[in-house]
Amino acid sequence: MNTAAANIESELSPPVVAGLAAVVARLLADNNADRQLAEADLNAQWKDRAPHLLLAGLASIATSHPEPQIRSLAVVLLRRFSSKVSEAANSDEPPTLWFVLSPAVREFVQAQLLQALLQETLNTVRHKICDTISELMIENLNFEFEWPALLSAIQEFIKSPHVHLREAALRIIAVVPSLISDKSSPATAAPIFADCLVTPGSEEVRVSAIHASVAYMIEVIQSDGIDEASSSAANNAFAQLMPVILTTLAGLTDETLVVDGFSYLIELAEADPRLFRIHMPNLIEFVATVMRNDNLDSSTRQTAVELLVALAEARPGMIRKLPQFTATIVPLLLQWMAKIEDSEGWHTTNDLNSEDDDNDEDYVFAEQSVDRLSIALGGKSMLSIAFTVIPKLLGSPEWQNRHAGLLAISVMGEGCRDVMMDSLKDVVELVIPYLRDPHPRVRFAACNCVGQMCTDFAPSFQSDYNDVILSNLVPLMDDTANPRVQSHAAAALVNFMEDADKHKIAPALDEIVRRLGTLLNVEKTYVQEQAITTIATVADCAGKGFVKYYPAIMPVLINVLENATDKRFRLLRGKALECASLIGLAVEKEVFSQHVQQFLQILQRIQQEPKDDDDPVSSYLLVAWARVCKIIGVDFVPYLGIVIPPLIASAAVKPDMAVLDADESDEKYPEEDGWEFISLGNQRFGIKTNVLEDKHTAVEMICTYARDLEEHFVPFVKPVMETTVPLLNFVFHDGVRHAAASTIPLLFNCMKKAQV
């Protein structure tokens, strides 16, 4: 490859540029086949054969082509191809096209981009030019290449009377703050930023100035080796800049830009919340004003609150010293929690997952914010304010207010546990009556509250209030007119049972199991699913005390497993597997022997059935096999040949991975299929995470069988060892490595027991 052309201008003749422009234009074709052919040409004819002409030609097109779409795409392609792997790179070089270009070609591309930036008239294209310049500058910094003309242009543009040039400079600084942080001290840079922050006539420039200022401050704050004197000087400069930033934000009218401004300040709050200290009183009032303005979009108001929550999480001690913080913000959040509307769909739905659509509503965001503030600030800061409002909410004739009051208690328990424990009796007396509230959604919220308190204040909550909780919660499973309430009462019972005393619950078991059995016949599938889950938890808590109910419950579960084969009932069937196997553990081998052979046959049949990748039955099946092994011990050995080979195969699966350019679409890798991406430099790395969880579960199950069966597991020691030893270096999942490390000594124990 000729990357050292003496005169790229002469090599890049008009016919060459026109030919490349024609390929770029074909990438915009409506026909997908045409686009694919153009992409193939771009790679085979240009990237692989003449990458220096490709990058130089794209820069030339971005500068001179008359069509804005072509200019725009050319500059995007330039950014993308610059970070592509070079065919000519060797192991001693960073393998990108930009790195292997000759200095002459790099200088030509850089000059063309600066010319394009200077003359471009369309904001959308100019912004993409800024993005490409920024990415190439990052490449230069990584490779220690110089671009002095860029620094000169930035210094000129940032003081330009032309707002579009000023914005361009700020956009580049925001992405590459080290471009100026190494050359300009905070005392020099801060006044320049301050001047940009008050640029008249352009809110876009002012928000870009906020972004650039924040990026510069974070760069300086996080820089290594800064001495005490320099740090003090930087803090003084930033102290003068902060009020200008906040004033600029407060004066914006474009809500999209307001959201951007708050988002940049959130980044700064996470990096150094101390910069906000002296401005907190004004900031609190400003955010409160935004919160009260119902004419603003939810995203605007929520992002404003997020800034304060981020500050509380980053520097809780600073916020605790500001009593006006909780006194102002917490009551407003509680008001937001009451901004919920009733809907017929809530009562009639057959799919509880449909409520995920509400996650961006103010009441959901407020609930999450109160939870996070409680964890960050603790009970001493939160409870005194919250409980001046919560009793009023609970006493309101409006069901939305009562609902909000109960949910507030629910979410504050974790963070305020130590303080709330001292007045837990009063809180219980406050909450319990709402299990009998006339509105079903309030009863639902009361179930939620009781269930959460069972988790947050366990085990003393169950021990001290066993009778009052059960006597008020269990009857709600009879609320036949409101299946949502029935289901949530059963769900709260799960939380209760997880830390309950089996002796204390014994007198109530008859009524609990009778009502749960009734729920198995409710029409709503989600009620049946919850009833089965709760039965499993009750059995686990009661232990052998569940033997009495075994004859009534186990045949129902067997019936579900044999007959609920429609795809709609996959989760129901999985929960039935879980419940039956947990009941088996509770009542032990002698009682479970009545159904163990039938249950094992069902497990075999389900294992052999074809399944979709997202079938929840698969994970329940793995654990059910392991529980049966624990119950029947060595009698399970004949089934190892059925169970272990699929586990070994699952443990050995290599996860799917993908590498994309920063601006490349990931629509082929949907999140619902388990894909997750992280950004590293100019690329994004994706991995299919659901495979990782399956792999982790498989190794853990193998570990269980080796532990329970010892010498009887010896026939599988060799293939398991061959699979698990390499997993000690499996870098993508800590759980897989830990499970593999736990399995290996158990395998040695198996051989020792068998005297192998």
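Here is what the cut-offs are and how they apply
- Residues numbered from 1 in each chain as written.
- Predicted model: local features only at pLDDT ≥ 70, side-chain atom pairs only at ≥ 80, totals over all residues.
- Heavy atoms only, no water.
- Salt bridge = Lys/Arg side-chain N within 4 Å of Asp/Glu carboxyl O.
- Helix = DSSP H or I, 4+ residues; strand = E, 2+ residues; numbered from the N terminus.
- Buried < 20%, exposed > 50% of the residue type's maximum accessible area, 1.4 Å probe, protein only.
- Pairing = 2+ DSSP bridges.
- Axes fitted to C-alpha atoms, helices over the stretch in contact; angles between N-to-C directions.
- Patch = residues over 30% accessible without salt bridge, like charges linked within 9 Å, V, L, I, M, F, W, Y side chains within 5 Å.
- Areas by Shrake-Rupley, 256 points an atom, 1.4 Å probe, with all protein chains shown as cover.
- Lys, Arg positive; Asp, Glu negative; His and termini not counted.
- Charge placed at Lys NZ, Arg CZ, Asp CG, Glu CD.
- Contact = heavy atoms within 4.5 Å.
- Polar contact = N/O pair within 3.5 Å; in protein donor to acceptor, adjacent residues only side chain to side chain.
- Expected span 1.5 Å × (residues − 1).
- Parallel < 35°, antiparallel > 145°, perpendicular 65-115°, else oblique.
- Left-handed = near helix turned anticlockwise from the far one by under 90°.
- Nonpolar A, V, L, I, M, F, W, Y, C, P; charged D, E, K, R; others polar.

Novice: When you look at the pattern of salt bridges in this model, what are you seeing that I'm missing?
Specialist: Between side chains of opposite charge, a pair can form when the charged atoms approach closely. All told, the structure shown has 29 salt bridges when counted by the stated rule. The partner of aspartate 294 in a salt bridge is lysine 339, with the nearest N and O atoms 3.8 Å apart. Here aspartate 294 is found in the loop between helix H16 (280–292) and helix H17 (298–314), whereas its partner lysine 339 is found in the loop between helix H19 (323–337) and helix H20 (344–348), with 45 residues between them in sequence. For aspartate 294, a relative accessible area of 56% gives the class exposed. Residue classification places lysine 339 among the partly exposed positions, given a relative accessible area of 35%. The closest approach of N and O atoms between aspartate 478 and arginine 515, which form a salt bridge, is 2.7 Å.

Novice: How do you make sense of the sheet that holds strand E2 (residues 675–680) when you look at a structure like this?
Specialist: In a beta sheet, neighbouring strands pair by backbone hydrogen bonds and run either parallel or antiparallel. Within the open sheet, the three strands sit side by side as E1-E3-E2. Their pairing is antiparallel. Of all the strands in the sheet, the pair left with one neighbour each is strand E1 (657–661) and E2. Neighbour-to-neighbour, the strand axes of this sheet turn through a mean angle of 25 degrees, independent of strand direction. By the bridge criterion, five bridges tie E1 to strand E3 (residues 683–688) in an arrangement that is antiparallel. Across the sheet, residue leucine 660 finds its bridge partner in E3, namely arginine 684.

Novice: Would you mind going over a negative patch on the surface with me for this structure?
Specialist: A cluster of acidic side chains, namely Asp613, Glu671, Glu672, Asp673, Glu676, Glu693 and Asp694, defines a negative patch on the protein surface. We classify glutamate 672 as exposed; its relative accessible area is 69%.

Novice: How should I be thinking about the side chain of histidine 279 in this particular structure?
Specialist: Assignment of secondary structure puts histidine 279 in the loop between helix H15 (255–271) and H16. On the basis of relative accessibility, which here comes to 10%, the residue histidine 279 falls in the buried class. Apart from residues lying up to four places away in sequence, histidine 279 is in contact with Ala239, Met242, Pro243 and Leu246.

Novice: I would appreciate a short explanation of the side chain of threonine 326 in the present structure.
Specialist: Tracing the chain through its elements places threonine 326 in helix H19. A distance of 3.4 Å separates a polar atom in the side chain of threonine 326 from the backbone oxygen of proline 323. In contact with threonine 326, other than residues within four places in its own chain, are Pro331, Leu377, Ser381, Met382 and Ile385.

Novice: I tried to follow H17 on my own but got confused; where do I start?
Specialist: In an α-helix, one turn spans 3.6 residues, which is why side chains three or four residues apart end up on the same side. With 17 residues, H17 extends 24 Å between its outermost C-alpha atoms, agreeing within 8% with the 24 Å of an ideal straight helix rising 1.5 Å per residue. Within H17, 13 of the 17 residues are buried, leaving the element largely enclosed by the surrounding structure.

Novice: Mind showing me how you'd approach the packing of helix H25 (residues 424–431) against helix H26 (residues 440–456) here?
Specialist: Two measures define how a pair of helices packs: the angle their axes make with one another and the distance between the axes. Packing of H25 against H26 brings their axes to within 11 Å, and their N-to-C directions diverge by 155 degrees. Relative to H26, the element H25 lies roughly antiparallel. Between H25 and H26 lies a crossing whose hand is left-handed. Residues Leu424, Val427, Val428 and Val431 of H25 pack against Cys449, Val450 and Met453 of H26. Each residue belonging to the contact of H25 with H26 can be placed in one class, and the counts come to seven nonpolar, no polar and no charged.

Novice: I keep staring at the environment of tryptophan 625 and nothing clicks. Help me out?
Specialist: The residue tryptophan 625 is located in helix H35 (residues 617–632) in this model. Along the primary structure tryptophan 625 and leucine 603 are separated by 22 residues, whereas in three dimensions their C-alpha atoms are 7.3 Å apart. Ignoring sequence-local partners within four residues, the contact set of tryptophan 625 consists of Leu600, Leu603, Gln604, Gln607, Phe636, Tyr639, Ile642, Val643 and Tyr705.

Novice: What is the right way to read the environment of glutamate 711 from this model?
Specialist: Among the secondary structure elements, glutamate 711 is positioned in the loop between helix H37 (689–709) and helix H38 (717–724). Owing to a relative accessible area of 32%, glutamate 711 belongs among the partly exposed residues under this scheme. Spatially, the C-alpha atoms of glutamate 711 and phenylalanine 599 are 25 Å apart, while their sequence positions differ by 112 residues. When neighbours within four sequence positions are excluded, glutamate 711 is seen to be in contact with Cys750, Lys753 and Ala754.

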